[in-house]
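Each chain is listed here by its residues.
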Amino acid sequence: MMNRMVRFLSVLLVGLGLLALVAYAVLSRTTRSWFEADLTLRSRLAVASARESLAAHWDTNQTKLSQTLADITRDERIMGAAACKATGELLASTDGFPGEFDCRKVLDLMRRDAPDSSAWSTTAELSSGPVHLSVTQVEGAVGSPGVVMLVHDLSFLGRRVATTRRFLVVAFFVLSLGAAVVTLLAARVAWRGWTLDLRRALTGAPSRELQPLVRDVRALAERLAQERRTEAQAGGWSPQRLRSTLTEHLQGERIVILANREPYIHEKAGDGVRVLHPASGLVTALEPVMRACSGVWVGHGSGSADRATVDASDRVRVPPGEESYLLRRVWLSEEEERGYYYGFSNEGLWPLCHVAHTRPIFRSEDFEHYVGVNRKFAEAVCAEVDVDDPIVLVQDYHFALAPKMIRAKLPRATIITFWHTPWPNAERIGICPWREELISGLLGSSVVGFHTQQHCNNFIDSVDAFVESRIDREANAVVQRARRTLVRPYPISIEWPVHWLSQVPTAADARTQVRQELGLAPDALIGVGIDRLDYTKGIEERLSAVDQLLERYPEYRGKFTFVQLAAPSRTKIANYQSLNERVEALAASINGKWASGSYQPIALLRSHHEPVTVFKYYRAANLCYVSSLHDGMNLVAKEFVAARDDEQGVLLLSQFTGAARDLTEALIVNPYDFRQASDALATALKMSGEEQRDRMRSMRRFVSEFNVYRWAGRMLVDAAELRRKERLSGRWSSGALGLRTVSA
Ligand code: F6P
């Protein structure tokens, strides 16, 4: 209300100001021309009243003529007068007549401007100031005709204009003040009336004008209440609810997930094999969905012991010890991996999709491998399905082409593709030489999901710019050859509760353990950052913010340690290798600057950490800083919240993550602004337990409700709705066909 008032008053004041300016311009021009016309008239009258005397002495008696001119100039504003013959010869002039007006020149000007007129006037700017010159013809009684020139002082006009301006300014202020006060009062009264009316309308009988509005509000409230009741009856989104959504809505028994990264990696360890859980947001989100739904996960077998652990069909049952779904491994040659994974996916698409100032590299041989590997995985998916209308979830930028390839083999499949990175604007997508192929490939899906509406809009704009299709903006869908692809935002999340937490110590124990493991003081304050070592994560910016914290808040020197868990990632790519070196050098230089005794401000732990360890660090931390330069969602932020069942700990979150839209109670920062980020670090370290609790409680409520089961459930429900509509429209066309057959 206040904002609206301020906006309204600003518009009013600017409007009135403009009006006053225009009024001032019009008024000063009009008054000037009035005064000039007035002076011309007065000059003529003055000459006319002295006409007889002028005629009597014209050309005959110069003394008397001068006297007559002096009589005319008695008016205080007339500076001087002069009499000139028509030939341009000066007959007489008064003392004050300005020398600048020469008879001959003035007569030439008069003949040029007003050749047939007996009088002429003009204004001029002399060294003494502005003047008005009026020239009137007179006839000498004896001798030749001529003119009388009268010069008026115009400086009074300037004074009057200044007075008008002063008056207008004062009038403007008074008027504005009056208008503002009246408007405020009127708005207050109207607002009170409106709210009273509305309140009465919502609780009792609405007035006629308000009836349609109240109807809409009641319908909306009823719908929301209904949704809440349904959610409450269903007990929120859980693995069970997701499973029943799958069977109820899609009559599906199982799903097939296609994702490059496998959820379990078997690695050789000494004589045995150990199972690794990769550091991947995609795996964090999808693995619980797979446990809930069962089915097959088709992924790249990248572990050194992967081949040794599969059956003859390249399958292994997972999770180890709690087997509930199948992992089907696809093998890639070194060459394929270099071209498809390191090359096109991670040197091309990854930097293309992230605004993190790393130039994408596109090589045609990489793209050829990308096409080949997409086909290989698409074939593996088709080999894993047991019906002709399976539900396939295609994941991420590694498989932009696969949906179209799967659709070609399984036209009735429900293909839901989720793009885990941001989708950039059309202009940026346009720099990829194979943009049309990528977009067309994705349009093989039934549903294409992104984290945010902005990414959906960017995708639809890219479709519009680069491929033939019809865009149904109202339904957020793309139609190609009568087949629809829905484009929807599905902000991804994590499982709730996180199953790893049962193996993780409490916050107090975790803190004690971490302090001991890292050799920190028993009262050390701890910050954590958990990432793959990737240039999109802003790790350098994060460490620089810690540096600034210690610079600007000396009280934290020797007390605060930032622990960065950095999982090596894509290490065959030069950019990642140099990032690794830069991060190491930066951590060393900050440590060199602030270390004292055994204290080191940065603990850089560059290795893979299993989820149980990661969650222990989340629990041990006073704060967690997620400083991504650009991130589709970022699940580290949500994991930190999930870990903190003690409702303590502060989350600092980059404004450039999708998560910043969900977790609004975090301290939202611009990671490029080290000063602001260091202030936020200090704020977090000083924050009272009560405020931490309020913020954490609210974020936990959000993540628990908007968990990954809901994310998957919403996509499945949308896909089911699309499938139902397609079935109905298919029935209608076969019916229509039947009728035609009968009538023929
Ligand atoms: O798009 C995001 C994402 O799929 C994350 O889930 C994951 O962290 C990363 O990209 C892929 O990492 P990797 O190359 O190790 O599979």
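Residues numbered from 1 in each chain as written. Predicted model: local features only at pLDDT ≥ 70, side-chain atom pairs only at ≥ 80, totals over all residues. Heavy atoms only, no water.

(A) Fine view of the overall build of the protein chain. Along the backbone of the protein chain there are 23 helices and 23 strands. The C-alpha radius of gyration computed for the protein chain amounts to 42 Å, which surpasses the reference 27 Å derived for 744 residues by more than 25%, pointing to a less compact arrangement than a globule. By principal-axis analysis of the C-alpha atoms, the protein chain measures approximately 140 × 95 × 70 Å. Taking all 744 residues of the protein chain together, 50% fall into the buried category. The long-range share in the protein chain, meaning contacts at least 24 apart out of those at least 6 apart in sequence, stands at 71%. By element, 54% of the accessible surface of the protein chain is carried by carbon and sulfur atoms, the whole surface being about 35600 Å². Computed over 91 positive and 86 negative side-chain charges, the inter-centroid distance for the protein chain is 5 Å. (Helix = DSSP H or I, 4+ residues; strand = E, 2+ residues; numbered from the N terminus. Rg over C-alpha atoms; globule rule 2.2 N^0.38 Å. Buried < 20%, exposed > 50% of the residue type's maximum accessible area, 1.4 Å probe, protein only. Contact = heavy atoms within 4.5 Å. Areas by Shrake-Rupley, 256 points an atom, 1.4 Å probe, with all protein chains shown as cover. Lys, Arg positive; Asp, Glu negative; His and termini not counted. Charge placed at Lys NZ, Arg CZ, Asp CG, Glu CD.)

(B) A look at the site of the ligand. Near the ligand you find Arg261, Ser280, Gly281, Leu282, Tyr341, Trp350, Asp396, Tyr397, His420, Thr421, Arg532 and Arg570, and these make up its full shell. Ser280 places a side-chain nitrogen or oxygen 3.4 Å from an oxygen atom of the ligand. Taking Tyr341, its side chain carries an N or O atom lying 2.5 Å from an oxygen atom of the ligand. Burial of the ligand by the protein chains amounts to 90% of its free accessible area of 390 Å². (Near = heavy atom within 4 Å. Polar contact = N/O pair within 3.5 Å; in protein donor to acceptor, adjacent residues only side chain to side chain.)

(C) Representation of the sheet that holds strand β3 (residues 119–126) within the structure. Pairing in this open sheet of five strands is antiparallel, and the strands run β2-β1-β5-β4-β3 from one edge to the other. In this open sheet, the two strands that pair with only one neighbour each are β2 (90–93) and β3. Averaged over neighbouring strand pairs, the angle between their axes works out to 20 degrees when direction is ignored. Where strand β4 (residues 129–138) and strand β5 (residues 146–153) come together, eight bridges link them in antiparallel fashion. Its bridge partner being in β5, His132 is matched across the sheet by His152. On the sheet, helix α3 (residues 62–72) packs against β1 (78–85), β2 and β5 and is oriented at approximately 50 degrees with respect to β2. Most of the contacts of helix α4 (residues 103–113) go to β3, to which it runs at about 125 degrees, and overall it touches β1, β2, β3, β4 and β5. (Pairing = 2+ DSSP bridges. Axes fitted to C-alpha atoms, helices over the stretch in contact; angles between N-to-C directions.)

(D) Representation of helix α8 (residues 281–293) in the model. For α8, built from 13 residues, the straight-helix expectation of 18 Å at 1.5 Å per residue is met to within 8% by its first-to-last C-alpha distance of 19 Å. Buried residues dominate α8, accounting for ten of its 13 residues. Among the residues making up α8, those that are buried are Leu282, Val283, Ala285, Leu286, Glu287, Pro288, Val289, Met290, Ala292 and Cys293. Near the N-terminus of α8, the side chain that reaches the backbone nitrogen of Leu282, with its oxygen 3.2 Å away, is that of Ser280. (Expected span 1.5 Å × (residues − 1).)

(E) Geometry of the state of the cysteines. In this structure the tally under the stated criterion is one disulfide. Residue Cys84 pairs covalently with Cys103 via a disulfide, S to S 2.1 Å. Because the sign of the S-S torsion sets the handedness, a value of about -65 degrees for the bond joining Cys84 and Cys103 places this disulfide among the left-handed ones. Pair noted here: Cys84 is in strand β1 and Cys103 is in helix α4, with a separation of 19 residues, a long-range link. Each of the two residues, Cys84 as well as Cys103, counts as buried. Looking at the unpaired Cys382, the closest cysteine sulfur is the one in Cys293, lying at 20 Å. For Cys382, a relative accessible area of 17% translates into the label buried. Among the cysteines around Cys432, which has no disulfide bond, Cys353 carries the closest sulfur, lying 9.1 Å off. (Disulfide = S-S within 2.5 Å.)

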